Amino acid sequence: VQLQASGGGLVQAGGSLRLSCTVSGRTFSSYVMGWFRQAPEKEREFVAAITWSGGSTYYADSVKGRFTISRDNAKNTVSLQMNSLKFEDTAVYYCAAGRPPYGTRTYERAYAYWGQGTQVTVSS
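My aim in this report is to walk through the structure given alongside it, one point at a time. One numbering rule holds for all chains: residues counted from 1, following each sequence as written. A pLDDT threshold of at least 70 governs which residues receive local features in this predicted model, and a stricter bar of 80 or more applies before side-chain atom pairs are shown or counted, although totals over entire chains, interfaces and linings include all residues. Neither water nor hydrogens contribute to the side-chain values; these are computed over all heavy atoms in the structure.

1. Notes on the overall build of the protein chain
Counting its secondary structure elements, the protein chain contains zero helices and 11 strands. Computed over the C-alpha atoms, the radius of gyration of the protein chain is 13 Å, within 12% of the 14 Å expected from 2.2 N^0.38 for a compact globule of 124 residues. Overall, the C-alpha framework of the protein chain stretches about 40 × 25 × 25 Å when taken along its three principal axes. In this analysis, two residues are considered to be in contact whenever any of their non-hydrogen atoms come within 4.5 Å of each other. When contacts within the protein chain are restricted to residue pairs at least 6 apart in sequence, those whose partners lie at least 24 apart make up 57%. Here the protein chain displays about 6500 Å² of accessible surface, and carbon together with sulfur accounts for 47% of that area. For this count, His and the chain ends are skipped, Lys and Arg are scored as positive, and Asp and Glu as negative. The location of each charge is read from NZ of Lys, CZ of Arg, CG of Asp or CD of Glu. Of the side-chain charges in the protein chain, 13 are positive and 8 negative, and the distance between the mean point of each set is 10 Å. Only runs of H or I of at least four residues qualify as helices and only runs of E of at least two qualify as strands under DSSP, and these elements are numbered from the N terminus. Taken over C-alpha atoms, the radius of gyration is set against a globule rule of 2.2 Å times the number of residues to the power 0.38. Throughout, the Shrake-Rupley method with a 1.4 Å probe supplies accessible areas, and for residues the shown protein chains are the sole cover considered.

Now the structure itself:
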């Protein structure tokens, strides 16, 4: 399974970006998909996740109401729409795939496959 993230860039505070992650392999629809991020000199942290059907989504409190995760199983793609961006959203964003049990979907170690990361920089 290979994950390819894209869509990062430089944006002013208050702006929007849309990240996408394309997953190779025929079992994409069976994976829980997540987004994590890592800011300079900080540990990687959970951002959002979505179950295989899209029926359940999870968000970090810091992004709730601003970010929206979605997936298109026909295109093997998961997206993260980021609105009202803040300076503190600056980080490298990683998409991840796995089959974390209920209750562990915000845990980094629960995901088996990771993309290479895409840089998001928000200027204040």
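2. Points about the pattern of salt bridges
Any carboxyl oxygen of Asp or Glu that lies within 4 Å of a side-chain nitrogen of Lys or Arg is treated as forming a salt bridge with it. On inspection of all chains with the given rule, the structure shows five salt bridges. When the shortest N-O distance is used, the salt bridge between R44 and E108 registers 2.8 Å. One end of the pair, R44, is in the loop between strand 4 (32-38) and strand 5 (45-50); the other, E108, is in the loop between strand 9 (91-98) and strand 10 (113-114), and 64 residues separate them in sequence. Judged by its relative accessible area of 32%, E108 falls in the partly exposed class. For K64, the salt bridge is made with D61, and the minimal N-O distance between the two is 3.1 Å. Like D61, K64 is exposed. Residues joined by salt bridges that share partners form a network here, namely R37, E45, R66 and D89. Partly exposed describes any residue whose relative accessible area lies between the buried limit of under 20% and the exposed limit of over 50%, with all areas from a 1.4 Å probe on protein chains only and scaled to the type maximum.

3. Some details on the state of the cysteines
Cysteine pairs can be covalently joined through their sulfur atoms, and such a bond is termed a disulfide. By definition, disulfides here are pairs of cysteine sulfur atoms that lie within 2.5 Å. Here the structure, examined in full by the defined rule, presents one disulfide. At a sulfur-sulfur separation of 2.1 Å, the disulfide partner of C21 is C95. Sign of the S-S torsion, about 60 degrees for the bond between C21 and C95, identifies this disulfide as right-handed. Note that C21 is positioned in strand 3 (residues 17-23) and C95 in strand 9, a separation of 74 residues in sequence. This pair shows no difference in class: C21 is buried, exactly as C95 is.

4. With respect to the environment of A5
Positionally, A5 belongs in strand 1 (residues 3-6). A5 sits in the buried class, given a relative accessible area of 5%. As a C-alpha pair, A5 and R99 span 94 residues in sequence and 19 Å in three-dimensional space. Residues contacting A5, with those up to four places away along its chain left out, are S20, C21, W35, C95, Q116 and T118.

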